[in-house]
Amino acid sequence: MNSLAITDGLLLAVTAYLALQRHLPIALRLACGVFGVAALLGVLRFSGVYPLPSWHQFASMLGAASAFPLLAVAVLWPDSLAARNTRFAWIVLCITAVIGVIVVGVGQKRIYSDALALLSLLAVCIALVRTRQWLGALGGILMLAALVLFALKISAGSLLVPGDLLHIGMAAGLLLMSHMKPTETVMTRKPDIDSLSVVN
Amino acid sequence: MRPILYFIPFFFLLIAIEMWVAHRRGLKLYRLQDTITSLNIGMVSQFVNTVGGIITLLMYSIIVDRFGAFTWDLKNPLTWIIALVLYDFFYYWVHRTGHEVNILWAAHVVHHSSEEFNLSTALRQSSTGFYFRWVFYIPLALLGFPVQVFIVVGLIDLVYQYWVHTQLIGRLGFLELFLVTPSNHRVHHGQNDYCIDKNYGGILSIWDRMFGTYADEREDEKPMYGVRKPLHSWNPIWGNVHHYVAIYKQARATSGWRNKLMCFFAGPGWVPPEQAAHAETFEPSKFVRFSTPSPQWMKTLAIASSVVGTVLLVHFLVVQPNLTMGQRIAYSAAVMVSYFLIGLAWLHPKVLKAAHE
């Protein structure tokens, strides 16, 4: 058991808790689900209970390439179908995941997922600061900082390695972000899916 | 060499047997134009999939190599059984999304465009589905099933589905509980209300029962085959692209980004608000099967084109391992242009006029 297993466990607990919160936008919950899967695989890996390093790597890649953009969608366009409707949140997740698999998993261009995660968080922070949602903005900034520290391989003394900082920053950031006040449109506007009917 | 090559004689033999049995029972299950179109669409898909299939296999093998977690003993039958069951489970989702997301339905609709239901319908396969199907099988790659296992179980799943496209076999007792059978697959191809979005399974119907998409065939209401936005063409190329064109046109005519995106990602039955007033409702009693005049000379020409197409396909499948990608594309493109022109000719006003005379 090392510190990464513990901090991944913390991230797992937070993401599992948030993913089960029915009042949160589905896009946020789904993003938490993806981060949660990656964290679970991290716990199994770093605790030595059942290490599946390739799966952890894959899930982390999916988190960067698809869960961060989904998080950004939930914050930037809170009344969009992708943020509020399960079907469309899944579609955004699938499309971004497929692009991620092609570019990073197959094409080995890791910069794509790193840049996407960074840009998504940057957009989230700007949007939350502009709408004066300070708690959410603090969460976004924490996650952004954690991501930058991880990318630069900066550790906090001998106690916490860069991965730990990423896990802690993400857990704290997501928790804070889940407390942001929904905008008025989110509260009043229902997705326009009443006319959805499937034929053939 | 593609393994499907070995199944071609078997497919044709079973079609001949089905025709013969239907004839003996006094049933009219085949219409020449529909059958020829099904065969031509099947051939076009084989040409396209020699290239598209490579993309699928390439993606799959790279993901297995990089992220595959387990090593499987290929001599253990359990490996193959687990792989087949998992493949069938993911096939259920490929198939379900192929029906329930409009842009994916555009790829799959060609399989349902026949207004008949017989073994030739099974060959009416999509040429454009390869771009998304592989995605659903990524979990198999993550589990580490080698690419040869993926190919074999995929082939078993595909070939199994051939025999269920028949009206000659009735209900199969307890097998209906867990297997895809001709009876429950007839429901899948129906356009009656009770048939819509039902029975997506490939080999096992347990997935449909598990996820609430199972429906039994009704004795009092036999399925009416085809789709609610009919193809109205015998052109195999148009059959593959017509719904993409329809989505594009619908999106262009729709205002607002939200509704434009809905055109692509909502279900095929979704209608933009501004077009809702003009949307046609489906009336089963008014349904008329697509038909055009077909004098003897036209029938002969159609059969000849399919025979030539089959010969070319077999030749292509035999020689394609020695061809470069460019040569494969050129060969396939040449055949597809020929099919496109034949398809156009069938419905050309001058041809139709001559047929009337």
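See the structure above.
In this text, all values refer to a predicted model and were calculated from it rather than measured experimentally.

Engineer: A description of the overall build of chain B should follow, citing residues and the corresponding values.
Structural biologist: Counting its regular elements, chain B contains 15 helices and zero strands. Relative to the 2.2 N^0.38 estimate, which gives 21 Å for 357 residues, the radius of gyration of chain B is 21 Å and therefore close to what a compact globule would have. Buried residues in chain B amount to 52% of all 357 residues. Long-range pairs, those at least 24 residues apart, make up 76% of the contacts in chain B with a sequence separation of at least 6. Side-chain charges of chain B comprise 28 positive and 22 negative groups, with the mean position of each set lying 7 Å from the other.

Engineer: Before we move on, could you go through the interface of chain B and chain A and cite the residues and values that matter?
Structural biologist: Contact with chain B, which involves 32 residues of that partner, is made by 29 residues of chain A. For the pair chain B and chain A, the summed buried area comes to about 2700 Å², and 66% of that belongs to carbon and sulfur atoms. At the junction of chain B and chain A, the tally comes to zero salt bridges. Our enumeration of links across chain B and chain A arrives at seven residue pairs in polar contact (both at pLDDT 80 or more). At five residues, helix α2 (residues 32-67) of chain B tops the list of elements feeding residues into the side of chain B that touches chain A. Of the residues in the side of chain B that touches chain A, the class split is 20 nonpolar, seven polar and five charged.

Engineer: With reference to specific residues and values, describe the pattern of salt bridges.
Structural biologist: Per the stated rule, a full pass over the model turns up 11 salt bridges over all chains. A salt bridge links D114 of chain A to R110 of chain A; the shortest N-O distance between them is 3.8 Å. With a gap of four residues between them, D114 of chain A and R110 of chain A both fall in helix α6 (residues 110-130), about one helical turn apart. Here D114 of chain A falls in the partly exposed class, since its relative accessible area comes to 36%. Here E219 of chain B makes a salt bridge to K222 of chain B, at a shortest N to O gap of 3.7 Å. Shared partners join several salt bridges into a network, and the residues in it are R186, E217, E219 and K222 of chain B.

Engineer: Tell me what's going on with the environment of G343 of chain B, and back it up with residues and numbers.
Structural biologist: Mapped onto the fold, G343 of chain B is located in helix α14 (residues 325-346). Residues contacting G343 of chain B, with those up to four places away along its chain left out, are W234 and N235 of chain B.

Engineer: Could you give an account of the packing of aromatic side chains, naming the residues involved and the relevant values?
Structural biologist: Per the stated rule, a full pass over the model turns up 30 aromatic pairs over all chains. Measuring from centroid to centroid gives 4.9 Å for F58 of chain A and F67 of chain B, while their planes differ by 70°, and the two rings are edge-to-face. With one member in each of two chains, F58 of chain A in helix α3 (residues 53-76) and F67 of chain B in helix α2 form a pair that bridges those chains. Comparing F58 of chain A with F67 of chain B shows no difference in burial state: the two are buried. The interplanar angle of 70° and the centroid separation of 5.3 Å between the aromatic rings of Y131 of chain B and F132 of chain B together place this pair among those described as edge-to-face. On the basis of relative accessible area, F132 of chain B is assigned to the buried category, the value being 7%. In textbook terms, an aromatic cluster arises when at least three aromatic residues are bridged by ring pairs, as seen for F89, F90, Y92, W93, Y200, W207 and F211 of chain B. Against the face of F88 of chain A rests R87 of chain A, its NZ or CZ located 6.0 Å from the ring centre.

Engineer: I'd love a proper account of helix α9 (residues 182-189) of chain B, names of residues and values included.
Structural biologist: Residue and element names in this part refer to chain B. For α9, the buried fraction is high: eight of the eight residues fall into the buried class. All of the buried residues along α9 are P182, S183, N184, H185, R186, V187, H188 and H189. Contacts made by the buried residues of α9 are with α3 (77-100), α4 (102-112) and α5 (119-123).

Engineer: Describe in detail helix α5 (residues 86-106) of chain A, supporting the description with residues and values.
Structural biologist: Residues and elements named next belong to chain A. The end-to-end C-alpha separation of α5 is 28 Å, in line with the 30 Å expected for 21 residues at 1.5 Å each. The largest bend in α5 comes to about 25°, at G100. For α5, the set of buried residues is F88, A89, I91, L93, T96, A97, V98, G100, V101, V104, G105 and V106. With a side-chain oxygen positioned 3.2 Å from the backbone nitrogen of R87, the residue opening α5 is N85.

Engineer: Tell me what's going on with the nonpolar core, and back it up with residues and numbers.
Structural biologist: If you look at the biggest cluster of nonpolar residues, it comprises 87 residues, and the most contacted ones within it are F68, L71 and V101 of chain A together with I63 of chain B. It is α3 of chain A that provides the largest number of residues to this core, a total of 11 residues. Setting aside chain neighbours within four positions, we find L71 of chain A in contact with L28, A31, L121, V124, M143, L174 and M177 of chain A.

Engineer: Can you tell me about the packing of α5 of chain A against α6 of chain A, naming the residues and giving the values?
Structural biologist: In helix packing, the relevant descriptors are the interaxial angle and the interaxial distance, both defined with respect to the helix axes. Residue and element names in this part refer to chain A. Running from amino to carboxyl end, α5 crosses α6 at an angle of 135°, the nearest separation of the two axes being 7 Å. Considered as vectors, α5 and α6 are oriented oblique to each other. Here α5 contributes I99, G100, V103 and V104 to the contact with α6, which in turn contributes R110, Y112 and S113. Its residues assigned to classes, the contact of α5 with α6 comprises four nonpolar, two polar and one charged.

Engineer: Tell me about a nonpolar patch on the surface, and name the residues and values.
Structural biologist: All names here are of chain B. Together, F174, L177, F178, I206, M210 and F211 line one region of the surface with nonpolar side chains, adding up to about 580 Å² of accessible area. The residue F211 is located in helix α10 (residues 206-211) in this model. You can call F211 partly exposed: its relative accessible area is 32%.

Engineer: An account of the state of the cysteines is requested, with residue identities and associated values reported.
Structural biologist: Taken as a whole, this structure holds zero disulfides over all chains when the rule is applied. Unpaired in this structure, C125 of chain A has its nearest cysteine sulfur neighbour in C32 of chain A, at a distance of 16 Å.

Scoring rules and cut-offs
- Residues numbered from 1 in each chain as written.
- Chains lettered and ligands numbered in written order.
- Predicted model: local features only at pLDDT ≥ 70, side-chain atom pairs only at ≥ 80, totals over all residues.
- Heavy atoms only, no water.
- Helix = DSSP H or I, 4+ residues; strand = E, 2+ residues; numbered from the N terminus.
- Rg over C-alpha atoms; globule rule 2.2 N^0.38 Å.
- Buried < 20%, exposed > 50% of the residue type's maximum accessible area, 1.4 Å probe, protein only.
- Contact = heavy atoms within 4.5 Å.
- Lys, Arg positive; Asp, Glu negative; His and termini not counted.
- Charge placed at Lys NZ, Arg CZ, Asp CG, Glu CD.
- Buried area = accessible area lost by both parts, 1.4 Å probe.
- Salt bridge = Lys/Arg side-chain N within 4 Å of Asp/Glu carboxyl O.
- Polar contact = N/O pair within 3.5 Å; in protein donor to acceptor, adjacent residues only side chain to side chain.
- Nonpolar A, V, L, I, M, F, W, Y, C, P; charged D, E, K, R; others polar.
- Phe/Tyr/Trp six-rings, centres within 6.5 Å; stacked < 30°, edge-to-face > 60°.
- Lys NZ or Arg CZ within 6 Å of the ring centre and 35° of its normal.
- Expected span 1.5 Å × (residues − 1).
- Bend = angle between axes of the 7 residues up to and from the residue.
- Core = buried A, V, L, I, M, F, W, Y, C linked by side-chain atoms within 4.5 Å.
- Axes fitted to C-alpha atoms, helices over the stretch in contact; angles between N-to-C directions.
- Parallel < 35°, antiparallel > 145°, perpendicular 65-115°, else oblique.
- Patch = residues over 30% accessible without salt bridge, like charges linked within 9 Å, V, L, I, M, F, W, Y side chains within 5 Å.
- Areas by Shrake-Rupley, 256 points an atom, 1.4 Å probe, with all protein chains shown as cover.
- Disulfide = S-S within 2.5 Å.

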